[in-house]
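Fold and geometry: a report
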Amino acid sequence: MNPTLLAPIAITGFTVAFLHAALPTHWLPFVLVGRGQHWSAGKTLGVTFLAGLGHVAFTILLGLVLVGAGLAVQPRMGDLFGWVVGALMMGLGLFYLWRGRHDHGEGQVSTRRYASDRAAIIALVVLLTLSPCEAFLPIYLAGVKHGWTGFAALSAVLMAATAGGMLLFTTLSLAGVKHLGLERIARYESTILGLALIAMGIGVAFLEL
């Protein structure tokens, strides 16, 4: 594995995962439920981290399948593989740009009150676990040529960006910081991700990243 060539993919992956983690649906429910259940800040952050682990684990599992398939196909396609991956990433980026013109974030955050702490924790963890970071999957595909070592490195990037982002924004909200300025991220997330994926796709196809 060439660390220099993997670096742009890892940086793009970190950006994608961190922006995704900044969406209110990835941290605000924990703040609201924590307050409703009268949890301490430590418990709220613990549940947030647990849900983040589930969220990342499911994404990594999907990435594992994707990378395994990519490694099986790559030897047969040779140099054409990079062009195909780049084209797919650019196509997905264009889709995100199109979607960004038709939506404004990821919907409303539930303020439901739960009958017990156990029910609240299970609900929060399961809901986030079953909604993986789909925008990161093309990053795994771009890193196929770096093999399983690249997969492990990108998985570590995903964990750091996602868990770090969720804990950061949950902590700021618990500390009483009202204006996090994340409304624009929620509104323009699709546009930002689209541009990042198009740029990455161009790099994979033409620069042999």
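Residues numbered from 1 in each chain as written. Predicted model: local features only at pLDDT ≥ 70, side-chain atom pairs only at ≥ 80, totals over all residues. Heavy atoms only, no water.

Quick look at a nonpolar patch on the surface now. Taken together, Leu-80, Trp-83, Val-84, Leu-88, Ile-202 and Phe-206 make up a surface patch of nonpolar side chains, about 590 Å² in accessible area. Elements that contribute at least two residues to the nonpolar patch include exactly helix 4 (80-100) and helix 8 (183-206). The element best represented in the nonpolar patch is helix 4, accounting for four residues. Relative to the helices and strands, Val-84 is located in helix 4. On the accessibility criterion, Val-84 (32% relative accessible area) is partly exposed. (Patch = residues over 30% accessible without salt bridge, like charges linked within 9 Å, V, L, I, M, F, W, Y side chains within 5 Å. Areas by Shrake-Rupley, 256 points an atom, 1.4 Å probe, with all protein chains shown as cover. Salt bridge = Lys/Arg side-chain N within 4 Å of Asp/Glu carboxyl O. Helix = DSSP H or I, 4+ residues; strand = E, 2+ residues; numbered from the N terminus. Buried < 20%, exposed > 50% of the residue type's maximum accessible area, 1.4 Å probe, protein only.)

Our focus in this paragraph is the packing of aromatic side chains. Note on aromatic pairs: each is described by the distance of the centres and the angle between the planes. Across all of its chains, the model carries seven aromatic pairs by this definition. Residues Phe-136 and Tyr-140 carry aromatic rings whose centres are separated by 5.1 Å and whose planes lie at 80 degrees to one another, so their mutual orientation is edge-to-face. Exposure class is identical for Phe-136 and Tyr-140. Each is buried. Here the aromatic residues Phe-14, Phe-18, Trp-27 and Phe-169 are joined through ring pairs into a cluster of three or more. (Phe/Tyr/Trp six-rings, centres within 6.5 Å; stacked < 30°, edge-to-face > 60°.)

Moving on, we get to the environment of Ser-155. Residue position: Ser-155 is located in helix 7 (residues 147-174). A relative accessible area of 9% means that Ser-155 is categorised as buried. Taking C-alpha positions, Ser-155 is 9.5 Å from Ala-10, a pair spaced 145 residues apart along the chain. Sequence-distant contacts of Ser-155, that is, excluding residues within four places in its chain, are made with Ile-60 and Tyr-140. (Contact = heavy atoms within 4.5 Å.)

Honestly, that's just the spatial picture; any functional story needs more than this.
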